Amino acid sequence: MRSYTTFSLQYAHRFYGFRGEAQYLHGHTGVLTIEVEDTINDGVNMVFPCNEIKKTAWDALKNFDHALILREDDPLLPAILDVYEKQGIRDGAPQNQMKGEAFKTDLATAYPDCRLVVTKETMTVEGMIKIVYDLLKDKLNIAKLTFTSGDNAACQEYETAGTTARCPLCGIALNEQGVCPKCGYGK
């Protein structure tokens, strides 16, 4: 069975090198749906608490919300960083409260202080799915990701890793020591 949750992400990007409207800097409201799969957990009668899916995923995903997403070879990137430097916000500002943890993968690098994500490939709906899976595949038993942005949508299904040992009291995955990180239950 599956549990799923959704996220709404506000972001700006452009398709550098693209011929068409998307070559211009523009913004979107994207909706990401994450589906996790496992057996029904006895005691709490759920696959995985949706609020815990949200907490686990949001640590990485908040880097994409109210952010600028540019490809690493986009000539706008140095210009944006120069403007941020002149404004005194390149290294963050007190108003920048929604920062995620910085990350660097083969597909993307997040610079939370700049509200900037730099990608290897153009950030399409398909590209966002690849990046999200890469960031969360070791944290959630992802069965499917769906991302919609304006009129664009894509989804990808994945082979799941099987069952995960979870707490019978709250449904959270047990850590390596067999202890629930949320309530302290021990196996």
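Parameters and conventions
- Residues numbered from 1 in each chain as written.
- Predicted model: local features only at pLDDT ≥ 70, side-chain atom pairs only at ≥ 80, totals over all residues.
- Heavy atoms only, no water.
- Phe/Tyr/Trp six-rings, centres within 6.5 Å; stacked < 30°, edge-to-face > 60°.
- Helix = DSSP H or I, 4+ residues; strand = E, 2+ residues; numbered from the N terminus.
- Buried < 20%, exposed > 50% of the residue type's maximum accessible area, 1.4 Å probe, protein only.
- Lys NZ or Arg CZ within 6 Å of the ring centre and 35° of its normal.
- 1 Å grid on protein atoms, 1.4 Å probe; cavity = no way out; pocket = protein on both sides within 12 Å on 5 of 7 lines; lining within 4 Å.
- Points joined across faces, edges and corners; volume = space filled by probe spheres on them.
- Nonpolar A, V, L, I, M, F, W, Y, C, P; charged D, E, K, R; others polar.
- Pairing = 2+ DSSP bridges.
- Axes fitted to C-alpha atoms, helices over the stretch in contact; angles between N-to-C directions.
- Salt bridge = Lys/Arg side-chain N within 4 Å of Asp/Glu carboxyl O.
- Expected span 1.5 Å × (residues − 1).
- Arc of directions from axis to C-beta.
- Contact = heavy atoms within 4.5 Å.
- Lys, Arg positive; Asp, Glu negative; His and termini not counted.
- Polar contact = N/O pair within 3.5 Å; in protein donor to acceptor, adjacent residues only side chain to side chain.

**Some points on the packing of aromatic side chains**
We describe a pair of aromatic rings using the distance from one ring centre to the other and the angle between the two ring planes. Counting across every chain of the model gives five aromatic pairs. Residues tyrosine 11 and phenylalanine 147 carry aromatic rings whose centres are separated by 6.3 Å and whose planes lie at 35 degrees to one another, so their mutual orientation is tilted. Note that tyrosine 11 is positioned in strand β1 (residues 2-13) and phenylalanine 147 in strand β6 (residues 142-149), a separation of 136 residues in sequence. Grouping residues by exposure puts tyrosine 11 and phenylalanine 147 together as buried. Ring geometry for tyrosine 133 and tyrosine 158: centres 3.8 Å apart, planes at 0 degrees, overall stacked. Highlighted residues: tyrosine 133 in helix α3 (residues 125-136) and tyrosine 158 in the segment after β7 (152-157), separated in sequence by 25 residues. Above the plane of the ring of phenylalanine 7 lies lysine 54, whose end atom (NZ or CZ) is 4.7 Å from the centre.

**A closer look at empty space enclosed by the protein**
According to the stated counting rule, one finds one cavity of 30 Å³ or more in the structure shown. By volume, the largest cavity is sized at about 40 Å³. As for the largest cavity, its lining consists of Leu107, Thr119, Glu121, Thr122, Gly127, Lys130 and Ile131. In terms of residues, the lining of the largest cavity owes the most to one element, α3, which gives three residues. Classifying every residue of the lining of the largest cavity gives two nonpolar, three polar and two charged.

**Regarding the sheet that holds β6**
Strands sit in the order β4-β5-β3-β1-β2-β6-β7 across an open sheet of seven strands; the sheet is mixed. Two strands bound the open sheet, and with one partner strand each, they are β4 (108-111) and β7. The sheet shows a mean angle of 25 degrees between the axes of neighbouring strands, taken without regard to direction. Across four bridges, strand β3 (residues 67-71) lies against strand β5 (residues 116-119) in parallel orientation.

**Some points on the pattern of salt bridges**
Taken as a whole and judged by the stated rule, the model has 13 salt bridges. With a closest N to O distance of 3.4 Å, arginine 2 and glutamate 157 form a salt bridge. Taken together, the positions of arginine 2 in strand β1 and glutamate 157 in strand β7 put the pair 155 residues apart, joining distant regions of the chain. Overall, the relative accessible area of 31% leaves arginine 2 in the partly exposed class. Here lysine 86 ties to aspartate 82 by a salt bridge, and the two come within 3.0 Å at their closest N and O atoms. Highlighted residues: lysine 86 and aspartate 82, both in helix α2 (residues 76-87), separated by four residues, approximately one helical turn. Among the residues examined, lysine 86 registers a relative accessible area of 68% and is labelled exposed. Each of Arg2, Glu35, Glu37 and Glu157 takes part in a single network of salt bridges with overlapping partners.

**A word on helix α1 (residues 50-61)**
Given a rise of 1.5 Å per residue, 12 residues ought to cover 16 Å, and the 15 Å separating the end C-alpha atoms of α1 matches this to within 8%. Burial in α1 covers these residues: Glu52, Ile53, Ala57, Ala60 and Leu61. Along the long axis of α1, the arc covered by the buried residues comes to 165 degrees, so they all point the same way. Packing partners of the buried residues in α1 comprise β1, β2 (26-37) and α3.

**What about the side chain of arginine 115?**
If you trace the backbone, arginine 115 turns up in the loop between β4 and β5. With no salt bridge to any partner, buried arginine 115 finds its closest opposite charge in aspartate 65, at an N-O distance of 5.5 Å. Polar side-chain contacts of arginine 115 include one of 3.3 Å to the backbone oxygen of histidine 66. Those residues in contact with arginine 115 that lie beyond four places of it in its chain are Lys62, Asp65, His66, Ala67, Leu68, Asn96, Met98 and Lys99.

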